[in-house]
Amino acid sequence: MSATVADAKSSRLTNLTATTIGQKATMAVTGIVLTGFVVIHMLGNLQVYLGPTKLNAYGELLQSSALVLWGARITLLLTVGAHAILGLRLSRMSGAARPTPYKMKTAVNSTLASRTMLYSGLLIFFFIVYHLLHLTVGTVHPSFAHKDVYHNVIAGFRVVPASIAYLIAMLGLGLHLNHGVWSLFSSLGVSHPRYSNALRRVASLVATLLVLGNVSIPLAVLTGLIGK
Ligand code: HEM
């Protein structure tokens, strides 16, 4: 093999690796922003337990500055877009790296969450579209009332299929975050074999708390704990 052909091959390999590392770093940064949003959003939503006055005051506060609201919406949209496009691309690249599938797939070092990242990611994407139509725009809500977030949440979750859709989506979110948060640690270089088990537990704890906090709301409405 001539030196030029070998050089070209090695530079292609370096570019590919650099691009993959860049993409993984972008996935990690966008993942942090989105996880941060989901945590803050859940803490805000848990105010439903404090009654209509508190939750509606919180809703009004979020809507009080159009500049901040639209700034946050555009940032979120771009972040979700970048995260989803790069996620799809990385998953296609890992498929292309081994065009012939393994004859026998063994789950060495992989978990259900890691093997289903693409599907849980797609589920979250479709959930967000449904969720916006349900609780922000109100087109798929039985009695949407602008500025009455408390009523929208309670009346929205009294519809059993809607609550079931949220419960399923939250399980997908939990799976996605369980692997996603763990994988962020390694993308950011904080994972070390010595701390690996502890970091896995941190990731599972974050995912579990988020799922429990979120699913508690439709369950509390359906069981009549809130909104009687
Ligand atoms: C049971 C769980 C959840 C409840 C009760 C809930 C509740 C709400 C409500 C009431 C709004 C409208 C706020 C307003 O108009 O002032 C909203 C907006 C939104 N939610 Fe959720 N949410 C939940 C879970 C999630 C999750 C898991 C995500 C992301 C994966 C999410 C993403 C969003 C987004 C992006 C908006 C639009 C914010 C905006 O532009 O105004 N939500 N949510």
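Residues numbered from 1 in each chain as written. Predicted model: local features only at pLDDT ≥ 70, side-chain atom pairs only at ≥ 80, totals over all residues. Heavy atoms only, no water.

## What to know about helix 7 (residues 160-187)
Between its first and last C-alpha atoms helix 7 spans 40 Å; for 28 residues at 1.5 Å apiece the expected length is 40 Å, and the two agree. Positioned one or two residues after helix 7, Gly189 has a phi angle of 80°, which is positive. (Helix = DSSP H or I, 4+ residues; strand = E, 2+ residues; numbered from the N terminus. Expected span 1.5 Å × (residues − 1).)

## Side note on helix 5 (residues 117-136)
Here helix 5 is 20 residues long and its end C-alpha atoms lie 27 Å apart, about the 28 Å a rise of 1.5 Å per residue gives. Three or more residues of helix 5 are buried, namely Met117, Ser120, Ile124, Phe127, His131 and His134. Gly138, located one to two residues past helix 5, shows a positive phi value of around 85°. (Buried < 20%, exposed > 50% of the residue type's maximum accessible area, 1.4 Å probe, protein only.)

## Concerning the packing of aromatic side chains
Under the definition given, this model contains four aromatic pairs. Measuring from centroid to centroid gives 5.6 Å for Phe125 and Phe126, while their planes differ by 80°, and the two rings are edge-to-face. With a centroid separation of 4.7 Å and an interplanar angle of 85°, the aromatic rings of Phe157 and Tyr166 are classed as edge-to-face. Phe157 gets classed as buried once you look at its relative accessible area, which sits at 4%. Taken together, the aromatic side chains of Phe127, Tyr130, Phe157 and Tyr166 make up a single cluster linked through ring pairs. Here the guanidinium or amino end of Arg73 rests over the ring plane of Trp70, the centre of that ring lying 4.6 Å away. (Phe/Tyr/Trp six-rings, centres within 6.5 Å; stacked < 30°, edge-to-face > 60°. Lys NZ or Arg CZ within 6 Å of the ring centre and 35° of its normal.)

## Regarding the coordination of the iron atom of the ligand
Distances from the iron atom of the ligand to its protein donors, namely His41 (NE2) and His131 (NE2), fall within the range 1.9 to 2.0 Å. Metal-centred angles of 87 to 179° between the six donor atoms at the iron atom of the ligand mark the site as octahedral. Pair noted here: His41 is in helix 1 (residues 3-45) and His131 is in helix 5, with a separation of 90 residues, a long-range link. Of the residues examined, His41 reaches a relative accessible area of 29% and is grouped as partly exposed. (Donors = N, O, S within 2.8 Å, 3.2 Å for Na, K, Ca; no water. Tetrahedral: all angles 85-135°; square planar, octahedral: opposite > 155°, others 65-115°.)

## Comments concerning the site of the ligand
Residues in close proximity to the ligand total 17 residues, the closest being His41, Asn45, Gln63, Arg73 and His131. Between the ligand and the protein, one listed contact pairs a nitrogen atom with a side-chain N or O atom of Asn45 at 3.3 Å. For the ligand, an oxygen atom lies 2.6 Å from a polar atom in the side chain of Arg73. Going through the elements one at a time, helix 1, helix 5, helix 6 (149-157), helix 7 and helix 8 (196-222) are the ones with two or more residues in the shell around the ligand. (Near = heavy atom within 4 Å. Polar contact = N/O pair within 3.5 Å; in protein donor to acceptor, adjacent residues only side chain to side chain.)

## Considering the packing of helix 5 against helix 7
The N-to-C vectors of helix 5 and helix 7 enclose an angle of 140°; their axes lie 9 Å apart at closest approach. On the basis of their axis angle, the class for helix 5 and helix 7 is oblique. Of the two possible hands of crossing, helix 5 and helix 7 adopt the one that is left-handed. When helix 5 is examined against helix 7, the residues Met117, Ser120, Gly121, Leu123, Ile124, Phe127, Tyr130, His131, His134 and Leu135 are found in contact with a partner set consisting of Ala162, Ala165, Tyr166, Ile168, Ala169, Met170, Gly172, Leu173, His176, His179 and Gly180. Its residues assigned to classes, the contact of helix 5 with helix 7 shows 13 nonpolar, eight polar and no charged. (Axes fitted to C-alpha atoms, helices over the stretch in contact; angles between N-to-C directions. Parallel < 35°, antiparallel > 145°, perpendicular 65-115°, else oblique. Left-handed = near helix turned anticlockwise from the far one by under 90°. Contact = heavy atoms within 4.5 Å. Nonpolar A, V, L, I, M, F, W, Y, C, P; charged D, E, K, R; others polar.)

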